[in-house]
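# Structural description and commentary
Single-letter residue listing:
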Amino acid sequence: LFITFRMSANENPQKSVDESVTTEVGVTQALQNAFSELLCKNIQNVDNEVRNVRESQVVLGQQIEALNEQLLSLMEANQSQLLLQPYIDRLINAKRRIHHINTIVTQTLDRVNKIQALADKETAKRGRNVQPHFGNSHYNIAAALWNLYLMEDIDWNKKGVDDFLQLVQSTLQQNENTKAINSQTQHDISKILFTAVMAALRDRDIFSNVLSALNSLLDNPMTMEYIIDVISVIDLETIATDDSDQRTNFINFLSLLQPNLPEDVLKERLDLDTLEAISLLKHTDNFNKRYIKTRTKLYYKQQKFNLFREENEGYSKLITELCNESAISKSQFLINIKSLIGKFNLDPNRVVDILLEVLECNPGSSSFFVEVLKDYVVGLDSLPSILGFKFQNYANDPKDTPESLFLVTAILVANDVISLSEIYPHLYPEDEVIIEQHEQAMSAARQTANRLSVAVLSEKEKDKNSDDKDSTSTASSIENQKFGLIEQMIVIGDWKHAQMMLNRFPQFYPVSQGNIAYHMCQLLHYIVEPLYSKLNHSRKSQISLSPYTSNLLPEKCKDFHDISKEFMQILSALGPFCSIDLLLMSKILRLFENYLLSNKGSPTLEHEKQLILCCLDECLIPSLSLLNANCHFSDAVWNVLKHFPYQDRYNLYHEWKTNVISMEPSLILRRSKVTERAKYVMKRLSKDTVKSMGRNLAKLSHCCPTVVFDYVLSQLQKYDNLCLPLIDALKMLTPMSFDVLVYCLIETLSDPTKSRINKENASIELWIYSLSTFSGALFKKFTVDTTGLIQYIANQLKAGNNFNLIILKEIVSKMTGVKIFDDLTEDELSAHGGGEFLKSEAAFQGLVRQSQKSSRRLKDTMLEHHLAFPLCILLANHRDSIVYNDGEEGHLKLIGSLYDECQDAFVQMVEFLDVSLSLDEFEALPDLDTLSSNYELSPDAAFYLSRPKLNRKINFAYEQIKNSEREKSTDKKLSEKALASAYKDAVDKICSPLLKMVECLQPIKVWDHLNPQFYLTFWSLGLYDIHCPTDAYDKEISKLNSQIKTVESSSDFSENKKKKEKEKLTLMVDKLKDECKKHNEHVIRVMARLKLECPQWFPSRTGKSECIVRLQQTCLIPRTLFSTPDAVFCAQFFVLVHTLKTVNFPTLLCLDRLFTDLVYSLASFTENEARRYGRFLHAILTVVTKWHGDKTIYDRECSNYPGFFMSVRNTSNLMSGGAGGRDVILDYDNFRHVCYKWQFKIARDVITCLETGDYIQIRNTIIVLTKLIPHFPRCTNLGIAVEKRIEKVRAEEKDNRQDLCMLATSYIGKLKQHKPKMMAEEVFHNKKERENKLQKQAPKSKHPLTNGTDNSVSPVNAKKEKVEKVSTDEKKPVRRTDTKPESERDSKKRRVDSSRKSVEDTKVKTEA
C-alpha cells in the first residue's frame, strides 16, 4: 500500500503539498495501526500463555515437594519398611525436569518481553514522527484519542503521562475556543479516563502514574466531573463482578484519590459499602438505621398527644407514696399502689420502672422494695425486660452506666426477684467479645515481653507503656456491664451468682478490671476477721462493706477447721490480685503460720496442710509476683512454707514458674521486666559492684525468684568467673529466695537437653563444674536447705547417672572441710595417720574446724532425712557398676574419670561421717554382713564404711573393760600389760562374731593360705592404729608456738585480743600434746595385740608363692587402690608384718612379686589408682632403699627375720628322694644384687608400657614413675633408658595428646633434678665380685642359685645387653621365662606327681 502511494505520488507531481502530506499520513497511520494491532495481540497472547505455563509449573513443583516430604515422613514413621525410595527418586527426577522446563519457559518469556519492548519503542517513535504533520485540529484530536484508546498496550512512563495530560488539556483548550464540545468528544474523553483507570486497576505498576495524572486534572471542574462519573461507573462494575482483586485495587485507588474529590458528591454517587471502605462512613448499619428512622419520621410518623402529661397527677401521687418516710406495711403499700393504678389508669410497666428508679436512689430500703416487687410482679414477666431496656440504653456508651443500676440488678438477682439467666442476655458486651478482648490483652502482653527481651526501653517508653496499660485496664472495667454487675454482686456479698458469672470468662480476667479485686478482699476480711481477732486482740481492721448485705454474706470463720468453702473459692478466684491488699495477705499468712506451729506433729494435720498448700499455690505465692520488692511478705510466705517438705515446696515453685507466671497479662509483663532488669544487673556484676548489684538482685528475687535465678544460673554456666562475685551478691536474699535458688539449681542440673559429656576431649562439660563450685560456696556461706539437692543426687545414683557426683564432692568439701586429694605431701600424709585434731589442723589445714557450723547443718540434714548411709551404699554400688554401665559406649578416659569421681566421693563421705558422727549415730549403719550380702558391697567398700563404727565399738568396749578392771584393782592406774590385755579382750569381744562372716567374703580356697583373723585384722585397722606420726605432732606444735610468739610481739592486737588469741593457741597446743600421748598409748596396745595374733596369720601347710598371690589379690592391691592413706597403710602394714617376724611370711618373695610384671597392673588402673599405686611402691622402695644403703640397718632389720630366709635345696636329691637342703639367710651383697634386679625389672616393664602407644598405659606409667622419682631409677644406665623412651613419648604426643606430652615433660624435668643422685651399676651392687664368684662355683654346683640360670640373682653381661637394647628402642625386653635354660625345663617335666608341690616351692625360694 505504501509503495502504491509512492508511485501515485510520482505520477502526479502537481498535487498540492497538503494533500500529499494528508495522504501520506493516512497511509502511514493505517500501517502503524495494522502492525501495532497485530504485534500487540500476538505478543499478549504469547505472554499470557507463558505466564500460565510458569505458574502451573511452580504450583506443580510445590506439590511435588510437599508429596516428597510426606513420603519421607511416612517412610520414617512406618515401622514396616515400605519401599518408597523408588517413588521418591521418580518424583525428584520429575522435579528436576520441571525445573529445566521452567528455565526454558523463563528464557522464552524474556525474549518475548524484549520483542514487546522493541515494538512499544517503535510504536512510540512512529507516533512522534507522525504527530507534527497533523494539520486539522479535529483530526489531530481524533487521532490522538484513537492512540490513547490503545493505551492499554503502552507503558505508563513519564512520556506516556505527559501525552495523556497534553491530550486532555488540548481537548479542554479546544472547548474553550469553540465554547462547546460535541457529544462524541465528551464520550471519547470519558472513555479515555475509564480506560486509564481500568488499566491502573489491572496493573499495579502503573498505579501511581495514573493516579498522579488524574490528580493533575482535578483542578479543572469539568474534568473533575468526568472523573467522578467514571469512578461511579467503575464502582458499580466492580460491585457487580466477582473479581475481588479488582475491587480491592479500586478501593485502594479511590482511597488515595478521595482527599482531592468533594466529599458530598462522593456520598451522593457512590455505594454505601464503598463509602465505608474509604472511611467516609463509620458504620453502615448505623447509617441505614438512621436513614430509615429519618424517612419514617418524615413520611410515616403520626403526631399524637403525650399521655404521660395527661396522667401526671397519678404519677405524682405514686412518687409521693414511694417517697413517703412514714412507716407503712407492705400490704397497705401494695393496696395504695394498685389503687393509684386503677384510679388514674397508670401503665403497670411504667409503675415498675418508677419502683426501680426509687430503689436506685434509696438502696438502703432494698429489703422493703424487694418484698414489694416480689408480690407486685407475680405473673408479670416484663421486669427483666424493663431492666434490660435500661442497660441497652447505655449499650452504645457503656461507660455512662450508673453503679446504682448494677446495684439494683444485683439485689434483685440475689433475692430471686429475677434470675441471672433472664437479665444476662441484656448485658453488653457479648461473651465472645470479652474472650476476644482477653486474647488481645494476652497477645499484646506477649508482644511487649518479646520486645523487652530484645531491646531495653528508655524510661519514657516504660512510663508510656505503663500508662497505656493502666488506661486500657480502667476503660475495660467501665465499658463492661457484666463486670460492673459482678462487682456489685460481690459488694452485696452475693458470691454464688458472682462466681457463676466469673466462671464464664477467662481466669483472673474479670478480677483484673476495676474494683472487683478490692471488694473480694473486703469480703475475705469479713470472713476471717473472727478467727484473726483471736491472734490480734489489740487491733481490729476496718472492713468496708455495704450496709445492706447482712443476709447475703458468707458464714464467718470462728475456728480454723470452720474455714468455709466460700473462703477457698473467693481466694482461688482472686489469685495473684490479692497483692492489692497487703493487710489481707498478712492476716492469712499469720493464721496459717500460727496453726502450723500450734499443731506441729499432729496426725490430723494432713487435710489442713493440703488446704494451706492450695491457698499458697493459687493465691499467695502468685501475689508475690505483683508486689514491688517486698521482703516482708517473702519472709511471711517462707514462715509458712518451711513447715512443708521440700517436695511440696518444689511443686509450688514449679507451678509458679511454668503456669502461674504466664496466665495473666500483668504477670507476663512483670516477668519480662524482671528478666530485663536481671540482665541489666548481671551485666554489671563484678567484684567492685557486689554491694549495689546485690541489692538490686535481692529486690528482683522478692517478687519473681524463679525468673531471676534461671537467668542467673544460665549466665553462671557460661562465665565461671561469676561464681565468687555472685556468692557475695546473694547475701541479701531472703530464706525463700535461697530455697527457690536451690530448686532452680536442681532443675538446671536435671535439664535433659544439656550435654554432660564433651566428646572432643572425653571429659565432663565445664558447666557442671561451674555449678558445682557455686553450689559448694552457696551451701557453705548461707544457711540453705540441702535436702532436695542431696536427694536428687541419690536418685540419680540409683538411676545410674553419675555426672552429679562433682556437685556432691564440692558440697561436702566446702561444708565440712574434708577434701580428698591424691597429690598429698608427706606431711599431709603423716597427719592423715594422726588423731582427729591433728588431721583437722594439718591434713585438712584447719578447714574442718572452720566449717563446724556448716558441717553440723549437713550432718543434721542427712541424719534427719536418712540420707547419710544410703548415699554411701549407693556410691559404693555405683562405683562397681560404672565400668559395666558405660563400658561399651564411653571412652576409657571418661570411664576412668567417672570411676575416680565416684571413689573419691565415697571416701569423702565416709571420712566426713567418721569425723562428725558418734557411736550412737553410727548404729543406723547396717552391719558388715548386711552390707556385703544384702547390699552386695565389695569387701573393700564394706570394710571401709564399717571401720569407723567398728573402731568406736572397740574403744567403747575397751573403756568398759578398763573401768571394770580399775574397780577390781586396788591401784587407780593400771599397768601397760593390763591395759593391753583389756584392749585385746575388747577386740575379741567385737571381732570374734565377725570371723564367720569374714569367711563368706572370699572363696574357700583363700583360707587355705590366709587366716581369717589376719584378713579381719588387716581390713579393720588404719594408719592411726599402727603408727603414731610424732614428727607431724611436733611440727604442728612448733607451728602453733611460733604463732603464739608472733601474737605476743605483734602491735596490731589489743591486749584483750592478744590474751584471747594466746589462750586459743595454747589450748590447741595442749590438745595436740594430749592427743599425741593417747595415740602413742593406743599404738602400743595395738602392737601388743598384733604380736599375739601374728603366729596364726599364715598357715605353714601351704606354698608361699600361692600365699603371696592371695595376699596381694585380697588385701594389698584392693586396699592400696582405695585411697592414698590406705596405700601408705598397706606399705606400713607390710613392713610391720615383716618387723613382727611373722612366721611363714616371705618378705623377699612378696617384694619380688610387687616389682615384677607391672605391665598388666599399669594397664588396668585409673588415673587416681595409678597415683595411689605409685605412692604404695614409693613407700615400699623407701624401706628397700634404706636397707640397700646401709649394711648395719640391713643386719639389724633383716638378717635374722623369717622373711629373708632362703630354702636352698638340691633338685637332684629331691628327685632321688634325698634330703631337701638347708635354710640360709640372704646376705647383704646378694640383697644388693636383688635390688638391682628389681630396678631392672621396673625399668623393663615401664619401657614396655611406654612402647605400647596405648593412652591408659602411657599415662599410668608416667604417673607411677613420677611417684617413684626419689627411688627409681637409681642406676645411671636404667635412667638413660627410661629418659630416652620418655623423650620419644613427648615428641610423638606433642601434636596429638597434649596431656601425655605435659606429663612426659614434667617427669623429664624431675628426672633431670634426680640425675645427680643416680649411681653407676658397679656402685649400686658389686657386679664384678659377684660374677667372679659365680664363675668359680659354676663347674662345681648345678644349683639354680649358682649356675646362672636365674637372671634375677645373677646380673650377668646378658642383662646389660638387654638394657642397652631397651635404651635404643630396637627390641623389646625378653620375657623372664624365655631365659630359662633347657635343662631346667626338662627337669620340670620329669618331676614326680607326689613331689611336684615341694619342687615348685623350691624354685620360688631359690629365685629369692
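None of the values given here were measured: they were computed from a predicted structure.

When helices and strands are tallied, the protein chain shows 69 helices and four strands. Scored against the burial criterion, the 1408 residues of the protein chain give a buried share of 49%. Summed over its atoms, the accessible surface of the protein chain is roughly 71600 Å², and 51% of this surface lies on carbon and sulfur atoms.

So, on to the packing of helix H44 (residues 892-916) against helix H58 (residues 1167-1189). Closest axis-to-axis distance for the H44/H58 pair is 7 Å, and the angle between their directions is 65°. Residues Tyr899, Asp900, Gln903 and Asp904 of H44 pack against Glu1167, Asn1168, Glu1169 and Arg1172 of H58. Taken together, the residues that form the contact of H44 with H58 break down as one nonpolar, two polar and five charged.

On to the packing of aromatic side chains. Counted by the stated rule, this structure contains 41 aromatic pairs. Aromatic side chains Tyr958 and Tyr983 sit 5.8 Å apart centroid to centroid with 75° between the ring planes, which places their arrangement in the edge-to-face category. Linking Tyr958 in helix H47 (residues 939-968) with Tyr983 in helix H48 (residues 976-991), this pair joins segments that are 25 residues apart in sequence. Grouping residues by exposure puts Tyr958 and Tyr983 together as buried. Here Trp1097 and Phe1133 contribute two aromatic rings whose centre-to-centre distance is 6.1 Å and whose plane-to-plane angle is 35°, an arrangement assigned as tilted. Highlighted residues: Trp1097 in the loop between helix H53 (1055-1093) and helix H54 (1104-1120) and Phe1133 in helix H55 (residues 1124-1139), separated in sequence by 36 residues. Each of the two residues, Trp1097 as well as Phe1133, counts as buried. Within the aromatic cluster, the residues linked to one another by ring pairs are Phe943, Trp1007, Phe1014, Tyr1015, Phe1018, Trp1019, Trp1097, Phe1098, Phe1129, Phe1133, Phe1134 and Phe1145. In this structure, Arg1119 is placed above the aromatic ring of Phe1018, and the distance from its NZ or CZ to the ring centre is 5.6 Å.

Turning to a nonpolar patch on the surface, a few remarks are in order. On the surface, a nonpolar cluster with roughly 300 Å² of combined accessible area is contributed by Phe287, Tyr291 and Ile292. Relative to the elements of secondary structure, Ile292 occurs in helix H12 (residues 284-299).

Moving on, we get to the pattern of salt bridges. A complete count under the given rule lists 46 salt bridges for this structure. A salt bridge links Lys482 to Asp431, with the nearest nitrogen and oxygen atoms 2.5 Å apart. Taken together, the residues span a long stretch of sequence, with Lys482 in helix H23 (residues 481-491) and Asp431 in helix H21 (residues 431-454) at a distance of 51 residues. A residue is classified by how much of its surface remains accessible, and Lys482, at 2% relative accessible area, is buried. Note that Lys984 and Asp988 form a salt bridge whose closest N and O atoms lie 3.0 Å from each other. Taken as a pair, Lys984 and Asp988 lie in helix H48 at a separation of four residues, close to a single helical turn. Look at Asp988 and you get partly exposed, because its relative accessible area is 30%.

The subject of this paragraph is helix H17 (residues 366-376). The set of residues buried in H17 consists of Ser366, Phe369, Val370, Val372, Leu373 and Tyr376. Along the long axis of H17, the arc covered by the buried residues comes to 165°, so they all point the same way. Turning to H17, the residues buried within the fold contact helix H14 (312-322), helix H15 (330-344), helix H16 (348-361) and helix H19 (403-414).

Put plainly, a disulfide is one covalent bond tying together the sulfur atoms of two cysteines. One pass over the structure, following the stated rule, counts zero disulfides. Cysteine Cys704 shares no disulfide, and the gap to the nearest cysteine sulfur, in Cys703, comes to 4.2 Å. Residue Cys704 is classed as buried on the basis of its relative accessible area, which comes to 1%.

Moving on, we come to the side chain of Thr787. For Thr787, the location among the structural elements is in helix H37 (residues 787-798). Beyond its immediate chain neighbours, meaning those up to four positions away, Thr787 contacts Tyr646, Thr861, His865 and Leu867.

Topologically, Ile764 is positioned in strand E2 (residues 763-764). In this structure the C-alpha to C-alpha distance between Ile764 and Ser897, which are 133 residues apart in sequence, comes to 8.8 Å. Setting aside its immediate chain neighbours within four residues, Ile764 contacts Arg756, Tyr769, Phe803, Ile806, Leu894 and Leu898.

On to a negative patch on the surface, then. A contiguous patch of negative charge on the surface is contributed by Glu555, Asp559, Asp562 and Glu566. Locating Glu566 in the fold gives a position in helix H26 (residues 565-574). For Glu566, a relative accessible area of 31% gives the class partly exposed.

Mapped onto the elements of the fold, Ser232 is located in helix H8 (residues 221-240). Residue classification places Ser232 among the buried positions, given a relative accessible area of 13%. Within polar-contact distance, the side chain of Ser232 engages the backbone oxygen of Asp229 at 2.6 Å. When near neighbours in sequence (up to four residues on either side) are disregarded, Ser232 contacts Arg269 and Leu270.

Bringing helix H62 (residues 1255-1267) into the picture now. Between its terminal C-alpha atoms H62 stretches 19 Å, which fits the 18 Å expected from 13 residues at 1.5 Å a residue. Most of H62 is tucked away, with 12 of its 13 residues classed as buried. Regarding H62, the residues found buried are Tyr1255, Ile1256, Gln1257, Ile1258, Arg1259, Asn1260, Thr1261, Ile1262, Ile1263, Val1264, Leu1265 and Lys1267. Here the buried face of H62 lies against H44, helix H57 (1158-1162), H58, helix H61 (1228-1251), helix H63 (1276-1292) and helix H64 (1298-1314). Of the residues that open H62, the one with a side-chain oxygen 3.2 Å from the backbone nitrogen of Ile1256 is Asp1254.

Time to look at the environment of Asp823. If you trace the backbone, Asp823 turns up in the loop between helix H38 (805-816) and helix H39 (826-832). Taking the relative accessible area as the measure of exposure, Asp823 reaches 51% and is therefore exposed. A sequence separation of 301 residues divides Asp823 from Thr1124, and the C-alpha atoms of the two residues are 8.5 Å apart. Contacts of Asp823, omitting those with residues within four sequence positions, involve Arg1171, Arg1175 and Lys1267.

So, about the nonpolar core. Ranked by size, the top nonpolar core spans 346 residues in total, and within it Leu616 and Leu789 carry the most contacts. For this core, the element with the most residues is H61, which contributes 13 residues. Setting aside anything within four residues of it in sequence, one finds Leu616 in contact with Leu589, Ile621, Pro622, Val637, Val640, Leu641, Phe644 and Leu652. If you look at the next biggest cluster of nonpolar residues, it comprises 42 residues, including Val168, Ile206, Ala213 and Leu214.

Bringing the packing of H58 against H61 into the picture now. Describing two packed helices takes the angle between their axes plus the distance from one axis to the other. H61 packs onto H58 with a crossing angle of 140° between their chain directions and a minimal axis gap of 9 Å. Regarding the angle of H58 to H61, the classification is oblique. Read as a crossing pair, H58 and H61 show a hand that is left-handed. On the side of H58, the interface is formed by Val1184, Trp1187, His1188 and Gly1189, while H61 contributes Tyr1228, Phe1231, Arg1232, Cys1235 and Trp1238. Here the residues of the contact of H58 with H61 are counted per class, giving six nonpolar, two polar and one charged.

Cut-offs used in this document
Residues numbered from 1 in each chain as written. Predicted model: local features only at pLDDT ≥ 70, side-chain atom pairs only at ≥ 80, totals over all residues. Heavy atoms only, no water. Helix = DSSP H or I, 4+ residues; strand = E, 2+ residues; numbered from the N terminus. Buried < 20%, exposed > 50% of the residue type's maximum accessible area, 1.4 Å probe, protein only. Areas by Shrake-Rupley, 256 points an atom, 1.4 Å probe, with all protein chains shown as cover. Axes fitted to C-alpha atoms, helices over the stretch in contact; angles between N-to-C directions. Contact = heavy atoms within 4.5 Å. Nonpolar A, V, L, I, M, F, W, Y, C, P; charged D, E, K, R; others polar. Phe/Tyr/Trp six-rings, centres within 6.5 Å; stacked < 30°, edge-to-face > 60°. Lys NZ or Arg CZ within 6 Å of the ring centre and 35° of its normal. Patch = residues over 30% accessible without salt bridge, like charges linked within 9 Å, V, L, I, M, F, W, Y side chains within 5 Å. Salt bridge = Lys/Arg side-chain N within 4 Å of Asp/Glu carboxyl O. Arc of directions from axis to C-beta. Disulfide = S-S within 2.5 Å. Lys, Arg positive; Asp, Glu negative; His and termini not counted. Charge placed at Lys NZ, Arg CZ, Asp CG, Glu CD. Polar contact = N/O pair within 3.5 Å; in protein donor to acceptor, adjacent residues only side chain to side chain. Expected span 1.5 Å × (residues − 1). Core = buried A, V, L, I, M, F, W, Y, C linked by side-chain atoms within 4.5 Å. Parallel < 35°, antiparallel > 145°, perpendicular 65-115°, else oblique. Left-handed = near helix turned anticlockwise from the far one by under 90°.

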